[in-house]
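# Structural overview for review
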Amino acid sequence: MKCTISEQLDSYIQDRLSPLESQKFEKHVEQCVYCQNQLAGIYETLPVLDIQLEEAPLLSEAFTKGILHQLNDKRRMRATRKIRWGTVWKAVAVSFIGFLLVLSLSAFLSPTLANYVKSFFMTTRGDQGLKHAAEMGMSTPHDVRIVDQGITLHIQEVLADTERVAVVCDVLDANGQSLVGRDDVDLIKGIKLTDVTGQTEIGSWTYKMIQERALLESEIGNLLFQGKLPDEVVIDINYTELGGIKGNWKKQIPVHLTKAKAASKTVKIEQRYTSPQGYVIGLQRVELAPSGVGVVLETNEENVLQGEPPMYNFAYRLLDDQGRTLRVHEEFIEEEGYKSEQLTLMGPVTQPGSAPGWKVWSDLFAPLKENSTSKLTFKLDAIYVQEKVNASKEITPKQLKEQPVALESKGNRITLSHFRIKQDKAEEMFLGQPVPKNGAMMEFEGTLAQHVIAIGDIRVTDDKGGMLPSGFSIHERWKDSEGLVHIRGLLSIPDMVEEPNRLTIGFHQLNKKNVDVDWEVPILLNPN
């Protein structure tokens, strides 16, 4: 909902408000998400934010002194260690270097607004859930620098809500160059999330690189539902090697969760469904957290009918109160055409269930827009199963050079052709994708039977029965008008340098999508 006070934003930026009006507006923005979004929208239009200060063009000393003089005058007027945002935007209008100088003098900014503007999560185009959590004030800026052996571990920001804890950091060498992304910088190995005693480890960390910085995340959502999520956790950092250099980079950072817990909601469902094949799926709960919508299910295969293959995944959607698709969990998203913002941010994360034979599945979706719907509907679309088959054939490389050879089972057909051995390491392309640098390779084309969406367990053995390492790389995948899946790609045998006498090649697994399910569960987001 639009905030009427946001209409003062233009006057504030242009310094047309009185000192008392500006002070009131600043206090309002500290608590108003809508006004923060408006401020962020203006901030994101500025092209200078990713420019380092040392890269700016050199200006005259008199000009620089003039900018600093304006800032000092404003400090005296306010008689505080804050500078009004109007001055920041005036500096932008005068010169971008003035804007950079204002940002560099962060001690003069209103602390809340300064932290908000500097948030990594507000500037990245990555995870919208983390951005939403930052908008709600779940992010805390840090400037923790741990230095040893000339290597600096720089902890820049920590974000925490009831679903996950995220850390933004960098690793710099003695020359200030980032080492993030190198194979010898393992940032998962030396970080833990624990309770305040340090005795109980919580969650496990994942890592990705965004804007040349490291983003580490630990999932903690299951603790909230169990009633075990504490008001405070600790990020325990203890690296003994970074960038191939041994040393000690240690730090404990407390993370407070009281605010996040107050901003989260858990809707308990606890309903179960048994499919026609005998698979049991239970929808346990939906969690509404600042950084996303969590959906937690539990499955049990003890009641699978005799002879049925095991379930390995499922597909479902979350619908709004108008029946429109909001969020999707789908194993093969590339053929369904869903929008990227509808798909899972994280998941599925699996762990042992409440009893032997049960498994818990957790998905995290992007947050819902505020007041976008009063009710969700969980709709189960399909269950994926793995079925064993034996489609193998003994062939010779000479055969594959002269004519294609087909592997068939239960209506699934894979045709191999064009055997060759690539001995040079020059990069080549096949169907727009790079091919292995060296070794044996064969092209393949395939048509899969109805409701089969993939084949697996590809085996290649030599003439003595020895298993050979192989790669089955699908370069193209599409559905025809009858719903049959077609694939094209390369089957490779890495490092093979001599042509073998014979090979036995086969696939031994079918991944099938059972769509004969019928289960919908209403989810009231604001139950009385």
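Scroll up to find the structure this text is about.
Residues numbered from 1 in each chain as written. Predicted model: local features only at pLDDT ≥ 70, side-chain atom pairs only at ≥ 80, totals over all residues. Heavy atoms only, no water.

### As for the overall build of the chain
Summing up its helical and strand segments, the chain has twelve helices and 27 strands in all. Relative to its full complement of 528 residues, the chain shows a buried share of 48%. When the accessible surface of the chain is summed, it comes to about 26900 Å², and 48% of that surface belongs to carbon and sulfur atoms. (Helix = DSSP H or I, 4+ residues; strand = E, 2+ residues; numbered from the N terminus. Buried < 20%, exposed > 50% of the residue type's maximum accessible area, 1.4 Å probe, protein only. Areas by Shrake-Rupley, 256 points an atom, 1.4 Å probe, with all protein chains shown as cover.)

### Considerations on the sheet that holds strand 1 (residues 139–148)
The strand order across the open sheet built from five strands is 1-2-3-6-5, with neighbouring strands paired in antiparallel fashion. Edge positions in the sheet fall to strand 1 and strand 5 (205–210), since each has one partner strand and no second. Neighbour to neighbour, the strand axes of the sheet diverge by 25° on average, direction disregarded. Looking at chain direction, strand 2 (residues 151–160) and strand 3 (residues 164–172) are connected through eight bridges and run antiparallel. The residue of strand 3 that forms the bridge with Ala160 is Val165. (Pairing = 2+ DSSP bridges. Axes fitted to C-alpha atoms, helices over the stretch in contact; angles between N-to-C directions.)

### What to know about the packing of aromatic side chains
Throughout the structure, instances matching the rule amount to ten aromatic pairs. With 5.9 Å between their ring centres and 50° between their planes, Tyr312 and Tyr384 make a pair best called tilted. Of this pair, Tyr312 sits in strand 12 (residues 311–319) while Tyr384 sits in strand 16 (residues 375–395), placing them 72 residues apart in sequence. For the pair Tyr312 and Tyr384, a shared accessibility class is recorded, and that class is buried. Ring geometry for Tyr316 against Phe378: centres 4.9 Å apart, planes inclined by 35°, an arrangement best described as tilted. One end of the pair, Tyr316, is in strand 12; the other, Phe378, is in strand 16, with 62 residues separating them in the sequence. In this structure Phe378 comes out as buried when scored by relative accessible area, which is 1%. Three or more aromatic residues joined by ring pairs form one cluster here, namely Tyr273, Phe314, Tyr316, Trp361, Phe365, Phe378 and Trp519. (Phe/Tyr/Trp six-rings, centres within 6.5 Å; stacked < 30°, edge-to-face > 60°.)

### A look at helix 9 (residues 128–135)
Think of an α-helix as 3.6 residues a turn; residues three or four steps apart then line up on the same face. Within helix 9, six of the eight residues are buried, which leaves the element mostly enclosed by the surrounding structure. If you check which residues of helix 9 are buried, you get Gly129, Leu130, Lys131, Ala133, Ala134 and Glu135. Between a side-chain oxygen at the N-terminus of helix 9 and the backbone nitrogen of Gly129 the separation is 2.7 Å; the capping residue is Asp127. Following helix 9 by one or two positions, Gly137 has its phi on the positive side, about 85°. (Polar contact = N/O pair within 3.5 Å; in protein donor to acceptor, adjacent residues only side chain to side chain.)

The values reported here are purely geometric and, on their own, carry no functional implication.
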